[in-house]
Amino acid sequence: MNILLTGFGAFLNNDENPTEEIMKIFPISIYGNKVIKLVLPVDFNNAFDQVKEAIDEFKPEIIINFGLARGRKAITPERVAINVNDSKQSDNVGNAPQDETINPNGLNAYFTKLPLKKIVEKLNQKSIPVSISNTAGTYVCNNIMYRVLEYIDQIDLDAVAGFVHVPLMTEQKHNDDEFTLPLNTILEGVIDIVKCCL
Ligand code: PCA
């Protein structure tokens, strides 16, 4: 089967994005399954295009999108994406939508298709900080989560799909009081998350 994983590039005050680093080092296959890896631009209007192309080409059975949530103290699989674009700060090309919908004709929200409890149990066993998040925010990550779940619903693709936020990585520029995890720990968590979906 094909597995599609995505991360994001740098944005706002984050010079680096651990999810971009994860895409660089994640293996290209896992238990014989092909892994397709993309790094998406932090751009409300264009981030989804590459994901859509990859979904159309590879018809992945697992799709997991990753992003950085600075300030979080754990790896946080998201429960729900809402039909809202609302951001105080601009994306990388200057969009700062206010109280907009992602799709004016779309559903209010989509729930993740990731096995949340199984993921929490598995990462807990390894003592990797993990907790379920009930909001993916209203910035570009929520947008991607919503659009992926909406799209696979529209094309009737039976995929295990969802979004996971990760904390800052220790290797990137951060203040002393900010929570971080070493890149290797984040990688281990991400590998376990993919395994939970197989
Ligand atoms: N995090 C942002 C967008 C890109 C990223 O890695 C977010 O949480 O929306």
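Residues numbered from 1 in each chain as written. Predicted model: local features only at pLDDT ≥ 70, side-chain atom pairs only at ≥ 80, totals over all residues. Heavy atoms only, no water.

Draft legend 1. Region of the structure containing the state of the cysteines. All told, the structure shown has zero disulfides when counted by the stated rule. For the unlinked cysteine Cys197, the closest cysteine sulfur is that of Cys196, found at 6.5 Å. (Disulfide = S-S within 2.5 Å.)

Draft legend 2. Broad picture of the site of the ligand. Taken together, the neighbourhood of the ligand is formed by Phe8, Phe11, Asn17, Val42, Gly67, Leu68, Tyr139, Val140, Cys141 and His165. The contact in question runs from an oxygen atom of the ligand to an N or O atom on the backbone of Val140, over 3.5 Å. His165 is positioned such that a nitrogen or oxygen atom in its side chain is 2.7 Å from an oxygen atom of the ligand. For the ligand, whose unbound accessible area comes to 270 Å², protein coverage reaches 94%. Those elements that place two or more of their residues in the shell around the ligand are strand S4 (62-68) and helix H4 (140-154). (Near = heavy atom within 4 Å. Polar contact = N/O pair within 3.5 Å; in protein donor to acceptor, adjacent residues only side chain to side chain. Areas by Shrake-Rupley, 256 points an atom, 1.4 Å probe, with all protein chains shown as cover. Helix = DSSP H or I, 4+ residues; strand = E, 2+ residues; numbered from the N terminus.)

Draft legend 3. The arrangement of the packing of aromatic side chains in detail. On inspection of all chains with the given rule, the structure shows four aromatic pairs. Note on Phe44 and Tyr139: the rings are 5.7 Å apart at their centroids and 85° apart in plane angle, and the pair reads as edge-to-face. Here the residue Phe44 occupies a position in the loop between strand S3 (33-40) and helix H2 (47-58), and Tyr139 occupies one in the loop between helix H3 (116-125) and H4, the gap between them amounting to 95 residues. Here Phe44 and Tyr139 have matching classes, each one buried. Measuring from centroid to centroid gives 5.8 Å for Phe48 and Tyr151, while their planes differ by 75°, and the two rings are edge-to-face. (Phe/Tyr/Trp six-rings, centres within 6.5 Å; stacked < 30°, edge-to-face > 60°. Buried < 20%, exposed > 50% of the residue type's maximum accessible area, 1.4 Å probe, protein only.)

Draft legend 4. Inspection of the pattern of salt bridges at higher detail. For the structure shown, the criterion picks out seven salt bridges. Lys173 is the partner of Asp15 in a salt bridge, and the nearest nitrogen-oxygen pair spans 3.0 Å. Taken as a pair, Asp15 in the loop between strand S1 (2-8) and helix H1 (18-25) and Lys173 in the loop between strand S9 (168-169) and strand S10 (180-181) lie far apart in primary sequence, 158 residues in all. Assessed through its relative accessible area of 48%, Asp15 is described here as partly exposed. Judged by its relative accessible area of 62%, Lys173 falls in the exposed class. (Salt bridge = Lys/Arg side-chain N within 4 Å of Asp/Glu carboxyl O.)

Draft legend 5. Quick look at the packing of H1 against helix H5 (residues 183-197). Contact pair H1 / H5: the axes reach a minimum separation of 10 Å and the direction vectors enclose 70°. It follows from the interaxial angle that H1 and H5 lie roughly perpendicular. The handedness of the crossing between H1 and H5 is right-handed. Between H1 and H5, the residues in contact are Pro18, Glu21, Ile22 and Ile25 and Leu183, Ile186, Leu187 and Val190, respectively. Here the contact of H1 with H5 is built from residues that sort into seven nonpolar, no polar and one charged. (Axes fitted to C-alpha atoms, helices over the stretch in contact; angles between N-to-C directions. Parallel < 35°, antiparallel > 145°, perpendicular 65-115°, else oblique. Left-handed = near helix turned anticlockwise from the far one by under 90°. Contact = heavy atoms within 4.5 Å. Nonpolar A, V, L, I, M, F, W, Y, C, P; charged D, E, K, R; others polar.)

Draft legend 6. Expanded view of the pairing of S1. For S1, a buried count of seven out of seven residues is recorded, marking the element as mostly surrounded by other parts of the structure. Burial of the side chains of S1 extends over both faces: Asn2, Leu4, Thr6 and Phe8 are buried on one face and Ile3, Leu5 and Gly7 on the other. Sheet analysis places S1 next to S3, joined by seven bridges and oriented parallel. Bridging from a neighbouring strand, Ile3 pairs with Val35 of S3. Sheet topology note: the S1/S4 ladder contains four bridges and is parallel. Paired with Thr6 across the strands is Asn65, a residue of S4. (Pairing = 2+ DSSP bridges.)

Draft legend 7. Representation of the sheet that holds S4. With respect to topology, six strands assemble into an open sheet ordered S2-S3-S1-S4-S8-S5, the strand pairing being mixed. Taken across any chain shown, the strands that pair with only one partner, and hence form the sheet edges, are strand S2 (29-30) and strand S5 (76-77). Of the pairings in the sheet, the one linking S5 to strand S8 (residues 160-166) comprises two bridges and is antiparallel in character. Note on S8: the bridge partner recorded for Pro77 is Val164. Against the sheet, H5 makes contact with S1, S2, S4 and S8, and its axis sits at roughly 155° relative to S4, the strand it touches most.

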